[in-house]
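Secondary and tertiary structure notes
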Amino acid sequence: ARAKTAPRRTAAAPDVAAPDSAARARGLPGPPTPGAPRRLIADARGVETLPGETVRTEGDPPSSDQSTDQAYDGLGSGYALFWQAYGRDSIDGANMPLEATVHYGTAYDNAFWNGSRMVFGDGDGEVFRGFTGSLSVIGHELAHGVTERTAGLAYQGQSGALNEHISDVFGALTEQHSSDQGAGQASWLIGAEIFTPAVQGRALRDMHNPGTAYDDDVLGSDPQPAHMRGYITTLEDNGGVHLNSGIPNRAFTLAALAIGGAAWNGAGLIWYRALTSGGIEPDAGFERFARATLDAAAGLFGPGSAEQRAVRAGWIEVGVLT
Ligand code: ASN
Ligand code: ZN
C-alpha cells in the first residue's frame, strides 16, 4: 500500500545567483536553497581541535583527499535521503549547513556528532580504517543531528538506546537509498567497511541479527541483545546505548522486511513520522516509541493496515510490546 500522504517533494530550481564569492572565500556556504545541501568539510590534520581548516565546500570539485571526498559525498547521500524520502531540508529542516571534520586526531577509532558537526577519525589502521569509508556511519552521525533537532532523545538508558537506534535506522537507509536497494537486498550492517582484514568482524553492528557483527573476544565488547530478555543494565556507554539499540534495531528490520519494497518508504517513513510528529519526549523509552510507530503507521497507512500489523509484530518479536 502507498502512504496516504506522499512526503516526496521535488527539488526546487537551483538559485540562479551564485553563492556570494566573499563568503565562499571564507569557506562559508552560500544562501539557503531548498532541496540542495550546503556542505562544508574541514580537515583537523591529525589533531583533536575543531573545526579544523575548511578544505571543501558546496560545489567545489573533488579534493586530493579521499576522506574529504567520502565525507562530502556521504553527506550528500544523507541529505538526499531526508529530502527526497521525507521532505526534510537538512538536519534542522531549514537547510542548515552540513558540517564535517575529517582526519580528527591521530589513529582516532571513532566518529561522532558533537551537537553541531560530524567528526570522523582515521582509525588506527590495526582494527579500524578511516570512518568516512562507511556510508552507514556517515548517515548514522548525520541522523544524530536530526534526532537532536526533533525528539531530542536523551543520550542515556532507554532513550539513549533509541537515539542510537534512530541513527542506525537512518544510517542504513542512507546506504539503501543511495544504492536504490530494496529491504530484502539490504545488508542491515552499520560500518561494514571500516574493520581492517585483521579483525574477524563483518561490521560494527548488524541490525537484523544484533550481537553477531563481530567476535567479542577480539574487541572486548559485549554483544548486542536482540530481545528485551537480554536487555543490558550497565553504567558504561551511557547505560549501554550502543548495546540495547540492538532490540529496536531488530524490531525495525523485521517490520521493514515484512512490509517489503524500499525500506525508506515503508518502515523508514513510519519511524521518521514517529520521531518528528511531536509525540516523543526526550526521556521516552522503548515502549513509548513503539506506540508512536503504531500511531504513525495508522496515520500513514491506516489503522489495521498490513504496515501497522508488521510494525506491531516486530515490536512483539523483540519483547517490547505484548
Ligand atoms: N560512534 C559513536 C556514535 O556516534 C560515538 C559515540 O558514542 N557518541 O554513536
Ligand atoms: Zn551514535
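Residues numbered from 1 in each chain as written. Chains lettered and ligands numbered in written order. Predicted model: local features only at pLDDT ≥ 70, side-chain atom pairs only at ≥ 80, totals over all residues.

Labelled according to an unreviewed UniProt entry, the protein chain appears under the name Neutral metalloproteinase, originating from Microterricola viridarii. In the Cofactor (unreviewed entry) part of its UniProt record, the protein chain is described as follows: "Zn(2+)". Of the comments in the UniProt record for the protein chain, the one headed Function (unreviewed entry) reads "Extracellular zinc metalloprotease." (UniProt positions renumbered as here; feature names shortened; annotations may be inferred.)

**A look at helix H7 (residues 246–259)**
For H7, spanning 14 residues, the distance from its first C-alpha to its last is 20 Å, which sits close to the expected 20 Å at 1.5 Å a residue. Residues of H7 that are buried include every one of Gly246, Ile247, Pro248, Asn249, Arg250, Ala251, Phe252, Thr253, Leu254, Ala255, Ala256 and Ile259, and no others. Within two residues after H7, Gly260 carries a phi angle of roughly 80°, on the positive side. (Helix = DSSP H or I, 4+ residues; strand = E, 2+ residues; numbered from the N terminus. Expected span 1.5 Å × (residues − 1). Buried ≥ 20, exposed ≤ 12 C-beta atoms within 10 Å, placed from the backbone.)

**Comments concerning the site of ligand 1**
Around ligand 1 lies a shell formed by Asn110, Ala111, Phe112, His140, Glu141 and Glu164. Mapped onto the shell around ligand 1, the elements with two or more residues apiece are strand E4 (111–113) and helix H3 (135–149). Split by residue class, the shell around ligand 1 holds 2 nonpolar, 2 polar and 2 charged. (Near = placed C-beta within 6 Å. Nonpolar A, V, L, I, M, F, W, Y, C, P; charged D, E, K, R; others polar.)

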